[in-house]
Each structure stands twice: as C-alpha cells, then as structure tokens.
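Results of the structural survey
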Amino acid sequence: MKVSESVVGIILAGGLARRMGGGDKCLLPLAGKSLLQRTIDRAQPQVPQLLLNANGNSLRFARTRLPVVPDVYPNNLGPLAGIHAGLSWMQTKTPKAEWLVSFASDTPFFPANLVEELLAAAQKSSTRLAVATSKSSIHPVFALWHNSLKPELEAQLETGESPRLQDWMKSYNPVQVEFNADAYDPFFNINTPQDLYAAEPISALVK
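Small disclaimer: the values here were computed from a predicted structure and weren't measured.

1. A few points about the overall build of the protein chain
- Along the protein chain, the regular secondary structure elements total 6 helices and 9 strands.
- Taken against the 2.2 N^0.38 rule, which gives 17 Å for 207 residues, the C-alpha radius of gyration of the protein chain at 16 Å falls within 12% of a compact globule.
- The principal-axis extent of the C-alpha atoms belonging to the protein chain is close to 40 × 35 × 30 Å.
- The 207 residues of the protein chain split such that 50% are buried.
- Once local pairs closer than 6 in sequence are excluded, the contacts in the protein chain between residues at least 24 apart make up 69%.
- With 19 positive and 18 negative side-chain charges, the protein chain shows a separation of 5 Å between the mean positions of the two kinds.

2. Here's the deal with helix H6 (residues 193-203)
- Residues of H6 that are buried include every one of Asp195, Leu196, Ala199, Ile202 and Ser203, and no others. Around the axis of H6, the buried residues are gathered within 105 degrees of arc, so they sit on the same side. Among the exposed residues of H6, those oriented more than 90 degrees off its buried face are Gln194, Tyr197 and Pro201.
- Contacts from the buried residues of H6 go to strand S2 (29-30) and helix H1 (35-43).

3. What about the sheet that holds strand S6 (residues 99-104)?
- The strand order across the open sheet formed by 7 strands is S5-S4-S1-S6-S8-S7-S9, and the pairing between neighbours is mixed. Lying at the two open borders of the sheet, with one neighbouring strand each, are strand S5 (68-69) and strand S9 (175-178).
- Where strand S7 (residues 129-134) meets S9, 4 bridges bridge the pair, whose relative direction is parallel. When the sheet's bridge partners are listed, valine 131 is paired in S9 with glutamine 176.

4. Comments concerning the pattern of salt bridges
- What the rule picks out here adds up to 6 salt bridges.
- A salt bridge links aspartate 41 to lysine 33; the shortest N-O distance between them is 2.7 Å.
- Beyond isolated ion pairs, a larger network of salt bridges with shared partners links Arg164, Asp167 and Lys170.

5. Quick word on the nonpolar core
- Core analysis: the largest hydrophobic core is formed by 31 residues, its most contacted members being Phe103, Leu114 and Leu144.
- Of all the secondary structure elements, the ones that give two or more residues to this core are strand S1 (7-12), H1, strand S4 (50-53), S6, helix H3 (114-125), S7 and strand S8 (137-146).
- The element that contributes the greatest number of residues to this core is H3, accounting for 6 residues.
- Counting 26 residues, the second-largest nonpolar core is a separate cluster that includes Tyr73, Trp89, Ala143 and Leu165.

6. A word on the packing of aromatic side chains
- As enumerated under the stated definition, the model contains 6 aromatic pairs in all.
- Where tryptophan 145 meets tryptophan 168, the ring centres are 6.2 Å apart and the plane angle is 40 degrees; that geometry is what we call tilted. Here tryptophan 145 is found in strand S8, whereas its partner tryptophan 168 is found in helix H5 (residues 165-169), with 23 residues between them in sequence. Of the two residues, tryptophan 145 and tryptophan 168, both sit in the buried class.
- For the ring pair phenylalanine 179 and phenylalanine 187, a centre distance of 6.0 Å and an interplane angle of 70 degrees mean the geometry is edge-to-face. Summarising the burial analysis for this pair, phenylalanine 179 and phenylalanine 187 share the class buried.
- Here the aromatic residues Phe103, Phe110, Phe142, Phe179 and Phe187 are joined through ring pairs into a cluster of three or more.

7. Brief notes about H1
- Counting buried positions over the 9 residues of H1 gives 7, a clear majority of the element.
- All buried positions along H1 are accounted for by Leu35, Leu36, Arg38, Thr39, Ile40, Arg42 and Ala43.

8. Some thoughts on unusual backbone geometry
- Although it is not a glycine, asparagine 75 adopts a positive phi angle of roughly 75 degrees.
- Structurally, the position occupied by asparagine 75 is in the loop between S5 and helix H2 (79-93).
- Asparagine 75 sits in the exposed class, given a relative accessible area of 67%.
- If you check the backbone angles, serine 136 has positive phi at about 65 degrees while not being a glycine.
- Structurally, the position occupied by serine 136 is in the loop between S7 and S8.

How each quantity is defined
- Residues numbered from 1 in each chain as written.
- Predicted model: local features only at pLDDT ≥ 70, side-chain atom pairs only at ≥ 80, totals over all residues.
- Heavy atoms only, no water.
- Helix = DSSP H or I, 4+ residues; strand = E, 2+ residues; numbered from the N terminus.
- Rg over C-alpha atoms; globule rule 2.2 N^0.38 Å.
- Buried < 20%, exposed > 50% of the residue type's maximum accessible area, 1.4 Å probe, protein only.
- Contact = heavy atoms within 4.5 Å.
- Lys, Arg positive; Asp, Glu negative; His and termini not counted.
- Charge placed at Lys NZ, Arg CZ, Asp CG, Glu CD.
- Arc of directions from axis to C-beta.
- Pairing = 2+ DSSP bridges.
- Salt bridge = Lys/Arg side-chain N within 4 Å of Asp/Glu carboxyl O.
- Core = buried A, V, L, I, M, F, W, Y, C linked by side-chain atoms within 4.5 Å.
- Phe/Tyr/Trp six-rings, centres within 6.5 Å; stacked < 30°, edge-to-face > 60°.

Here it is in structure tokens:
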C-alpha cells in the first residue's frame, strides 16, 4: 500500500563503491536481478514517486525509468548530498510533498512496510527526522526527512564537508523505529564480493 502523496522516495546510488572495486555497485546481479532492481521492486510500492540519486551519465540507468537526480554540490559529498538533491527536486517538482524517504541501493532486503512505519512514528512524535533500526543498530540511510531540513543540509554542504549521516542526525534527535530481524537482517548491507555471496541465501527468505 502506498502512503500519502506527502512522501517522495529516493534511492541513493551515488557512492564510489571502493570496497567493491569501484563502478556502479547497485548494477551487480544477485539471484537473477541487479541490486538496484531489487531495491526498486521493494521501494516502488511504498511511495507514490521514486527518484534515483546518481552522478555522471544518467543513461546507464535508463532502464529503470526513474528520474535520475544528481547531487547539486560537487565532489561526491556522500549521502547528505543525495538527500539534499532529493529535497531540492521535491521543492521544484512536487511542492506539496512534505517528506523525503531515503533508501540504500546496496541493501535490497529492507522491510516492505518501512515507509509506513517511519511516517507513522514521525507524525506521532512530531519530529522532522525518523530513522530505521534493527537489533539496536541504526541504519541512517533508511530515514524519513522533513522538507524543512533542506536549509540546514545546505549550510552543512556549503562547508565542502559532509559528515556521516548518523553523526549529522544526532543533533536532530530522530525518532528511531525498530524493525524485526529474527529470520534475517532486513538491512544486510552489501559492500564487498563476500557480502554479495552471503546475500544469496537471504534472498530466498525475503517475502
């Protein structure tokens, strides 16, 4: 079930994938589908509009048919720059949207109710930021960002430095939403060739 029109989703695929040897890690195959396609299949039913944050030639993602939104700020400043790019797109293209939800492109097993749960928690606590957790670990890329955070993101990015997401989040006291990880970790992150191999059996468990 899709949440209200107040939410736009963005898949962050702008990383340099150094531990995977560089290139577009999200295009690597896992059990017959690319990591990116698995992420799209998981995210698209949860939001009315889905974006892809990536830098460079957008034609390599043409098959996704998603709007490709590059960073506004140069020099690959990381996930914060991707979040800012999504909020900037929202401001221009969907001005009535209030929230941006972010997904990692290398974590294809995230919960099918992720957006619904993050939005409910954010609205209940009247916070501007909600973030997913499992087994007491925070997963900062899987978060819900209020559009009013855009100026503060810009102030950070203007410095030319981009801290880790979890470090930047701390001052905003985000509401944390715990997700079940009994059968498998839904936030299993694929960073290395070994991780890709380990993800094969998990893919068979995901509903």
